[in-house]
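Overview (structure and organization)
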Amino acid sequence: MSTTANVGAVTVRGGISSRPNGWDVRHVPETGSTNTDLLEAAERGDAGDRTVLRADHQTAGRGRLDRRWDAPPGTNLLVTLLSTDAGASPSTLMQRVGLAAVAAVEAAVGTSLPDRLGLKWPNDVLLDDAKLAGVLAQRSTTTGAVVVGIGLNVGWAPDGFSSLSSNLGCDVSPAALLDLLLERFDDERDVGERYRERLMTLGRTVRVELPGNRILDGVARDVDPSGRIVIESHGERHVLDVGDVIHLRT
Ligand code: BTN
């Protein structure tokens, strides 16, 4: 793709050696998609485990279910983490990133926000019932490496989304928020229980939009060890690994 930055060539390697826990944080002003770049760099052998690529702007940002992810230059956190750990599952990595994002926001504002801030299945971060951040994992079919990207609305949000600046009056920079997120990611090792604690979807009446324009209405009862959601609908349990969840007001 012509808009894809060569991670190895254009990288600004700010403070690699001074970062705790071996993160190799790279930054580019603009690229197509940090997920695409980091996946390609891993496949070329130009990026190893715990490489992180942040961009100020993406021209082809990728969202879930083949959607776009856009933000004006410099406004939001757009970043991807690479894992080459063969034992790490994409689902667990996404849960860790989502939980780390929640903890990073709470650290940035200096208070916990259990009623306002949390996760929506599978990995959206919600603030005041609106989407603050989305997480997208992709796995290399050749190397098995996994990239997990997060877009978090710091200073700008599309209509219907929330942002740190407008909802919390928080003026943290995307770079500073990333530092907090990487610290918290390493705290979130055993995520299962923590994920459930912050998952605002559990116990809620939900509508799930499934592939093929199918709809399932029910109550979100559980998340299984593979990260699939269990929906109870008309007395039956449905175990889903993909879908768009809407929290219905009861
Ligand atoms: C979603 O649709 O909810 C997931 C959005 C993920 C967006 C992030 S921004 C950084 C990384 N690079 C991409 O192209 N996508 C992810």
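Scope of this entry: the structure provided in the associated data block. (Residues numbered from 1 in each chain as written. Predicted model: local features only at pLDDT ≥ 70, side-chain atom pairs only at ≥ 80, totals over all residues. Heavy atoms only, no water.)

1. A few points about helix α6 (residues 191-198)
Definition in use: Burial classes: relative accessible area under 20% of the type maximum marks a residue as buried, over 50% as exposed, and values in between as partly exposed (1.4 Å probe, protein chains only). Helix numbering and strand numbering both begin at the N terminus, where a helix is a DSSP run of H or I of at least 4 residues and a strand a DSSP run of E of at least 2. Directions pointing from the helix axis toward each C-beta atom define the arc. The criterion used for residue contact is that any of the two residues' heavy atoms lie within 4.5 Å.
Taken together, the buried positions of α6 are V191, Y195 and R198. All buried residues of α6 fall inside an arc of 75° around its axis, so they share one side. Opposite the buried face of α6, by more than 90 degrees, sit the exposed residues E193 and E197. Tucked into the core, α6 has its buried residues touching α3 (90-109), β4 (117-120) and β9 (214-223).

2. With respect to the side chain of Q58
Keep this limit in mind: Polar contacts here mean pairs of N or O atoms no more than 3.5 Å apart (in protein, one a potential hydrogen donor and the other a potential acceptor; neighbouring residues in sequence count only if both atoms are side-chain atoms).
Take Q58: it is sitting in strand β2 (residues 51-58). Judged by its relative accessible area of 9%, Q58 falls in the buried class. For Q58, the side chain forms a polar contact with the main-chain nitrogen of T34, separated by 2.9 Å. Beyond its immediate stretch of four places on either side in the chain, Q58 contacts T31, G32, S33, T34, W69 and L78.

3. Brief notes about the site of the ligand
Note the cut-off: Residues are counted as near a molecule or strand when any one of their heavy atoms sits within 4 Å of it. All accessibility values rest on the Shrake-Rupley procedure with a 1.4 Å probe; residue burial counts only the protein chains present in the view.
Around the ligand, a shell composed of 20 residues is seen, among which S33, Q58, R62, R64 and K131 lie nearest. The contact in question runs from a nitrogen atom of the ligand to an N or O atom on the side chain of T34, over 3.0 Å. Here an oxygen atom of the ligand and a backbone polar atom of R64 are 2.7 Å apart. Isolated, the ligand exposes 410 Å² of accessible area, and the fraction of that covered by the protein chains is 98%.

4. A short note on the nonpolar core
The line we're drawing: Take the buried Ala, Val, Leu, Ile, Met, Phe, Trp, Tyr and Cys residues and link them wherever side-chain atoms come within 4.5 Å; each set so joined is a nonpolar core. Each domain's limits were defined by an automated method or a database of domain assignments.
Ranked by internal contacts, the top residues of the largest apolar core, which has 52 residues, are I150, L152, L164 and L177. Ranked by the residues each element gives to this core, the list is headed by α3, at nine residues. Formed jointly, this core draws a minimum of three residues from each of two domains, domain 1 (4-198) and domain 2 (205-247). Ignoring sequence-local partners within four residues, the contact set of L152 consists of N76, L77, A101, V105, L132, A133, L164 and L177. Counting 11 residues, the second largest nonpolar core, distinct from the first, contains A42, A47, L53 and V147.

5. Section: the sheet that holds strand β5 (residues 124-127)
For clarity, the threshold we go by: Two strands make a pair as long as DSSP finds a minimum of two bridges between them. Note on definitions: angles span 0 to 180 degrees between N-to-C directions of axes, and those axes are lines fitted to C-alpha atoms, for helices only across the stretch in contact.
Ordered in space as β1-β2-β3-β7-β6-β5-β4, the seven strands form an open sheet in which the pairing is mixed. This sheet does not close on itself; its edge strands, each paired only once, are β1 (24-31) and β4. Adjacent strand axes in the sheet meet at a mean angle of 20° when their direction is disregarded. The pairing of strand β3 (residues 77-83) with strand β7 (residues 146-152) spans seven bridges and is antiparallel. Bridge assignment links L82 to a residue of β7, and that residue is V147. In the packing of α3 onto the sheet, contacts are made with β3, β4, β5, β6 (130-139) and β7, and the angle to β7 comes to roughly 30°.

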